[in-house]
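# Descriptive analysis of the structure
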Amino acid sequence: MSELKNFEVKGKDKIKLKTFPHSPDKSVEKEKIIKRTQENLAKMERFQDKLYSEGKEGLVLIFQAMDAAGKDSTIKNVMSGLNPQGIDVYSFKVPNSEEIAHDFLWRASKRFPTRGKMAIFNRSYYEDVLVAKVHKLYESSPLPNRCKQGDVIGRRYKDIKNFEDYEYNNGYRIIKFFLNVSKDEQKKRFLERIDLQVKNWKFSSSDVKERAYWDDYMEAYESAINATATKNSPWYIIPADKKWYARYLVSEAIIEAFKKIKPEYPELGEFAKENLLHDRKLLIDEMNAKED
Ligand code: AMP
Ligand code: MG
C-alpha cells in the first residue's frame, strides 16, 4: 500500500489535524524519494498527453496552505512534468470588486478548464471558509442580512460539496491539497525571506499578522476538510516541512487521480481509419514520384 493513503481524507471518518505529521518518518530515504518523484513526473506527462487527446475529463488540483508552506514551489515542481498547453494555473487573491459582486463560487467556476485539460488553483473558493471564517469577512460583505445570519460557513461547506459533486457529474475530478507546514518551520521560512535579499519580495508584513491567528486557521482547515472531503473529491494533508517529501506525495496523488481517470488515446472509427490509409498512400505516392 502506498504511503499516500496515510494522508488521504475521503470523509468517512472525521480527522484531527493534530494527528497528521509535518515531516516524513525517520525511515524515509530522501534520495529514493527524489528519484521516485522524477519517475512520477515522467508518468504524469504521459497521462496528461492521453487526457488531452481524449478530451473527456478535466482535472483540477487545489492547493491551500498557510503562508510559506511551499505552494508556489510545489506548483512549479508539478508543472515541470507537464505540457503547458494542457494546463492552466490560477492564483486566487483578495477578491476584486467584480468578484465581490458575485457569489463566492463564481470566480473559480469561471476558471474550470475545458475537459481534457488540467488546472491548478493556487488558493481557491476554500478561502471563503478559511480566511473568511477566521476574520468573519462575510459580516462586512455587501450581502442581504439573511446571508450573514446563522451558520454562514456551514452553508458554504454544503455549497462547496454540492459544487464539487456537480463538477464531478460533469466530467471533472477535483483533488485538494493542504500543505501542512508546522508553525516553527513557517517562522524559519519567514526569517529567511527577511534575511535573504533575493527572497524579500516574497515577504509581506500581513503574513506575520495572519500567523498570530494560527490556531484559528488550523481549526478552520480541520473543519473545512471534514466538511468537504469525499470519495470523489478527496483532501490530502501533506507534511510540508520537507519540500522534497511534499512534492513526492503530491505527485503520487496526481498519479492516483490519473489512474482513476484511465485516459486512453482515442481509437479512430472505420471510416477515419480508411481516410488515414488513403492519406498515407497519397504521401507514399508523392515520395515515389520524386524518386523516379
Ligand atoms: P498570496 O497567495 O500570498 O499572494 O496572498 C493572497 C491573499 O489573498 C491571501 O492572504 C488570501 O487569504 C487572500 N484571499 C484569497 N481569496 C480570498 C477571499 N475569497 N477572501 C479574502 N481573502 C482572500
Ligand atoms: Mg502571502
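Please refer to the structure higher up on the page.
Because the structure is a prediction, the values reported are computed rather than measured.

## Focus: the site of ligand 1
Around ligand 1, the surrounding shell consists of Asp-67, Phe-92, Lys-93, Val-94, Pro-95, Arg-107, Arg-123, Glu-127, Asp-128, Val-131 and Leu-137. Counted by class, the shell around ligand 1 contains 5 nonpolar, no polar and 6 charged residues.

## What about helix H9 (residues 214-228)?
An ideal rise of 1.5 Å per residue puts 21 Å on 15 residues; H9 measures up with 21 Å between its terminal C-alpha atoms. Those residues of H9 not exposed but buried are Trp-214, Tyr-217, Met-218, Ala-220, Tyr-221, Glu-222, Ala-224, Ile-225, Asn-226 and Thr-228.

## Some remarks on the pairing of strand S5 (residues 172-180)
Within S5, 9 of the 9 residues are buried, leaving the element largely enclosed by the surrounding structure. The alternating pattern of S5 places Tyr-172, Ile-174, Lys-176, Phe-178 and Asn-180 on one face and Arg-173, Ile-175, Phe-177 and Leu-179 on the opposite face, and all of these are buried. Sheet topology places strand S2 (residues 58-65) next to S5; 8 bridges connect them, and they run parallel. Each bridged residue has a counterpart across the sheet, and for Leu-59 the counterpart in S5 is Arg-173. Sheet topology places S5 next to strand S6 (residues 235-239); 5 bridges connect them, and they run parallel. Bridging across to S6, Asn-180 finds its partner in Pro-239.

## Details of the packing of aromatic side chains
Inspection of every chain in the model, using the stated rule, returns 16 aromatic pairs. Here Phe-92 and Phe-121 contribute two aromatic rings whose centre-to-centre distance is 5.0 Å and whose plane-to-plane angle is 75°, an arrangement assigned as edge-to-face. In this pair, Phe-92 is assigned in the loop between strand S3 (87-91) and helix H3 (97-100) and Phe-121 in strand S4 (residues 118-122), connecting sequence segments 29 residues apart. On the basis of relative accessible area, Phe-92 is assigned to the buried category, the value being 2%. Three or more aromatic residues joined by ring pairs make a cluster, and in this case those are Tyr-90, Phe-92, Phe-112, Phe-121, Tyr-125, Tyr-126, Phe-163, Tyr-172 and Trp-235.

## What about the sheet that holds S2?
Pairing is mixed in the open sheet, where 6 strands are placed in the order S1-S6-S5-S2-S4-S3. Here the strands that pair on one side only, and so sit at the sheet edges, are strand S1 (8-9) and S3. As defined by bridge partners, S1 adjoins S6 across 2 bridges and the pair is classed as antiparallel. Bridge pairing in S6 places Glu-8 opposite Tyr-236.

Criteria and cut-off values
- Residues numbered from 1 in each chain as written.
- Chains lettered and ligands numbered in written order.
- Predicted model: local features only at pLDDT ≥ 70, side-chain atom pairs only at ≥ 80, totals over all residues.
- Heavy atoms only, no water.
- Near = heavy atom within 4 Å.
- Nonpolar A, V, L, I, M, F, W, Y, C, P; charged D, E, K, R; others polar.
- Helix = DSSP H or I, 4+ residues; strand = E, 2+ residues; numbered from the N terminus.
- Expected span 1.5 Å × (residues − 1).
- Buried < 20%, exposed > 50% of the residue type's maximum accessible area, 1.4 Å probe, protein only.
- Pairing = 2+ DSSP bridges.
- Phe/Tyr/Trp six-rings, centres within 6.5 Å; stacked < 30°, edge-to-face > 60°.

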